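# Examining the three-dimensional arrangement
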Amino acid sequence: MHNAAPAEALVYDPSDPAVMADPFPVYARLREEDPLHWSPSLKSWIVTRYTDVRDLLLSDHLSVNRLTAFYESLPPQDAELLRDVVHYLNLWLAFRDPPDHTRLRRILRHAFTPAAIDAMRPRIESIADLLLDRMQARGENRIDLIRDYALQLPAFVIMDLLDVPRDMLDDFKQWSDDMAVFIGGARNSGDKYERAARGCRLMADYFRKLILERSADPRPGFLMDLIDARDEGDALSTDELVATCILVLFAGHETTTNLIGNATLLLLRHPEQLAMLRADPALIEPAIEEVLRFDGPTNALVRVVARDHRLHGKTLRAGERVFVMVNSANRDPRIFDAPDTFDITRRTNRHLTFGQGIHLCLGARLARVEGHIAVQKLFARFPALALDPQEAPEWLDAMVPRGTRRLPVRLNG
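As a starting point, this report considers the structure included with it. (Residues numbered from 1 in each chain as written. Predicted model: local features only at pLDDT ≥ 70, side-chain atom pairs only at ≥ 80, totals over all residues. Heavy atoms only, no water.)

## As for unusual backbone geometry
Keep this limit in mind: Every helix listed is a DSSP run of H or I at least four residues long, and every strand listed is a run of E at least two residues long, numbered separately from the N terminus. Remark: exposure states derive from per-residue accessible area (1.4 Å probe, protein chains only) relative to the maximum for the residue type, with buried under 20%, exposed over 50%, and partly exposed in between.
For the bond from Pro-98 to Pro-99, the omega torsion is 5°, close enough to zero to count as cis. Within the fold, Pro-99 resides in the loop between helix H6 (83-89) and helix H7 (100-108). Even without a glycine there, the phi angle at Ala-338 is positive, about 40°. One can find Ala-338 in the loop between helix H18 (326-329) and helix H19 (364-381). The class of Ala-338 is partly exposed, set by a relative accessible area of 45%.

Right under this line is the structure:
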């Protein structure tokens, strides 16, 4: 029995289109009225205050290993369908607690060095130029910025990293979308288990073959760095390598797509901020940090209660699911001055968008570099870029990622 809020209290409904487009008024009420909110529809706790979100991400009261109990509770038919998906996802860094997490992260950090990420800058710039050239050459004024730019740029970066030919973009997008309906908490997909199983199987088969080929015929690059990564002689198993490639492809493009889309939308909606950025290109770094804080690409992180504990006078019981609402924490007035003001000159910006503690996102540096390059080049190439007045942005229907599915713009005003 949950010591839940009374029936007449505030209800958080993430599937409400108004909440999808702008969840922040609801988050503000939750922070004040019910900072540890039990959602009957999600069967989960919703945590909205900055210090609670930060402390829970740092504590061992919560676990990221949320798939095992879920999998064990499935009917046999569903369990069989999802067997491979859960096998690979349970090998993801994002779903492992110490000591497995500690071992895996120590090995992986050898491939994710700052020097390796910085060396990719020219490649990212050339991909941005290629996509902008294509958009210009088509001669169309009205486009969907997500489809034509924000999605392709990070996907090509990751595909180049993993030695995947760029002409496989449509295949990988389909496989990734199929897995996203299961992982990202899509609310309205009846066949999500079948789709996730298919996407995972196709991706795993592809990467297993590629890893075997690359091991037999080594050539320098990120994939080789992953294969060769050692920590005190310890290497990734083949299944761990396959799982890590799936994670890098999946997490590495989705978050950055949302970052680029959200940044473009915010700057177009705040022309005075865009004018400041144009006048001083050095503001791109704080501008991207402010996008990450103000309406970041990760709405929530999901955890499961590892052991009973109390918070705000309520008991969180082992096995219960918790959504730590990062985007709400990043607007908490207890931490941020004028939190609902989008200000690209903000000095202190301790947002929680890339997580906190041992699960701090390994790809955060890469996402930032891609965001800086993508946004600056886009506005330099199309100085009259404007939102399409006839079509509103379409937001993703999901709990975890935060971004637009479609972002209609006019390239030349």
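After that view, the rundown keeps rolling.
## With respect to the environment of Ile-227
To keep it simple, the criterion reads: Any two residues having at least one pair of non-hydrogen atoms within 4.5 Å are treated as being in contact.
Take Ile-227: it is sitting in helix H14 (residues 222-228). Of the residues examined, Ile-227 reaches a relative accessible area of 12% and is grouped as buried. Taking C-alpha positions, Ile-227 is 8.7 Å from Thr-238, a pair spaced 11 residues apart along the chain. If we skip the residues at most four places from it in the chain, Ile-227 touches Ile-211, Arg-214, Ser-215 and Leu-241.

## Points about the sheet that holds strand S2 (residues 44-47)
Note the threshold: Two strands qualify as a pair provided that DSSP identifies no fewer than 2 bridges between them.
Sheet architecture is open: five strands sit in the order S1-S2-S8-S5-S3, paired in mixed fashion. Only two strands of the sheet have a single neighbouring strand rather than two, namely strand S1 (36-39) and strand S3 (62-63). Pairing of S1 with S2 involves four bridges; the strand directions are antiparallel. Across the sheet, the residue bridging to Ser-39 is Ser-44, located in S2.

## Section: empty space enclosed by the protein
Quick reminder of the rule: Only protein atoms enter the 1 Å grid, on which a cavity is a set of points fitting a 1.4 Å probe that cannot get out and a pocket is an open set with protein on both sides within 12 Å along at least 5 of 7 lines, lining residues being those with an atom within 4 Å of a point. Grid points are joined across faces, edges and corners, and a volume is the space filled by probe spheres set on the points. All amino acids are sorted into three groups, where Ala, Val, Leu, Ile, Met, Phe, Trp, Tyr, Cys and Pro are nonpolar, Asp, Glu, Lys and Arg are charged, and the leftover types, Gly among them, are polar.
Under the defined criterion, the tally for this structure stands at three cavities of 30 Å³ or more. Empty space within the largest cavity amounts to approximately 960 Å³. Lining the largest cavity we find 44 residues, and of these Ala-94, Leu-247, Ala-251, Thr-255 and Cys-361 sit closest to its centre. Residue assignment for the lining of the largest cavity shows that the elements contributing at least two residues are H7, helix H11 (152-161), helix H12 (169-183), helix H15 (238-269), strand S5 (301-305) and H19. No other element matches H15, which puts 10 residues into the lining of the largest cavity. In terms of residue class, the lining of the largest cavity is built from 27 nonpolar, 12 polar and five charged. What the second largest cavity holds in volume is close to 110 Å³. Residue composition of the lining of the second largest cavity, grouped by class: 10 nonpolar, two polar and one charged.

## Some thoughts on the pattern of salt bridges
Here is the rule: By salt bridge we mean one thing: a side-chain nitrogen of Lys or Arg within 4 Å of a carboxyl oxygen of Asp or Glu.
According to the stated counting rule, one finds 39 salt bridges in the structure shown. Lys-377 is the salt-bridge partner of Asp-129, the closest N and O atoms lying 3.0 Å from each other. Here Lys-377 lies in helix H19 and Asp-129 lies in helix H9 (residues 121-138), a separation of 248 residues in the sequence. What makes Lys-377 partly exposed here is its relative accessible area of 23%. One salt bridge in this structure joins Asp-163 and Arg-214, with 2.8 Å as the shortest N-O distance. Here Asp-163 is found in the loop between H11 and H12, whereas its partner Arg-214 is found in helix H13 (residues 192-216), with 51 residues between them in sequence. Salt bridges here are not isolated pairs; linked through shared partners, they connect Arg-142, Asp-388, Glu-391, Glu-394, Arg-406 and Arg-410.

## Concerning the side chain of Arg-346
Note that Arg-346 resides in the loop between H18 and H19. Once you skip the residues sitting within four places of it in the chain, Arg-346 turns out to touch Pro-286, Glu-290, Arg-293, Phe-336, Asp-337, Ala-338, Pro-339 and Thr-341.

## Some thoughts on the packing of aromatic side chains
Counted only if it meets this: Here is the rule: rings of Phe, Tyr and Trp (six-membered ring for Trp) pair when centre to centre is within 6.5 Å. Planes less than 30 degrees apart are stacked, more than 60 are edge-to-face, and the remainder are tilted. Distance and angle both matter: a charge sits over a ring if NZ of Lys or CZ of Arg is within 6 Å of the ring centre and within 35 degrees of the ring normal.
All told, the structure shown has 14 aromatic pairs when counted by the stated rule. Taken together, a centroid distance of 5.9 Å and an interplanar angle of 40° make the contact between Trp-92 and Phe-250 tilted. Residue Trp-92 is located in the loop between H6 and H7, and its partner Phe-250 is located in helix H15; the two are separated by 158 residues in the primary sequence. With respect to class, Trp-92 is no different from Phe-250; both count as buried. Centroid distance Tyr-206 to Phe-207: 5.8 Å. Interplanar angle 80°. Geometry classified as edge-to-face. For Phe-207, a relative accessible area of 0% translates into the label buried. Three or more aromatic residues joined by ring pairs form one cluster here, namely Phe-172, Trp-175, Tyr-206 and Phe-207. When the ring centre of Phe-336 is taken as origin, the NZ or CZ atom of Arg-293, which lies over that ring, is 5.3 Å away. In this arrangement the basic side chain of Arg-331 is found over the ring face of Phe-24, its NZ or CZ atom lying 3.6 Å from the centre.

## A short note on helix H2 (residues 24-33)
Rules: What the arc covers is the set of directions going from the helix axis to the C-beta atoms.
Phe-24, Val-26, Tyr-27, Leu-30 and Arg-31 are the residues of H2 that are buried. End-on view of H2: buried residues confined to an arc of 150°, all on one side of the axis. Summarising the contacts, the buried residues of H2 are in contact with helix H1 (17-21), S1, S2, helix H17 (284-294) and H18.

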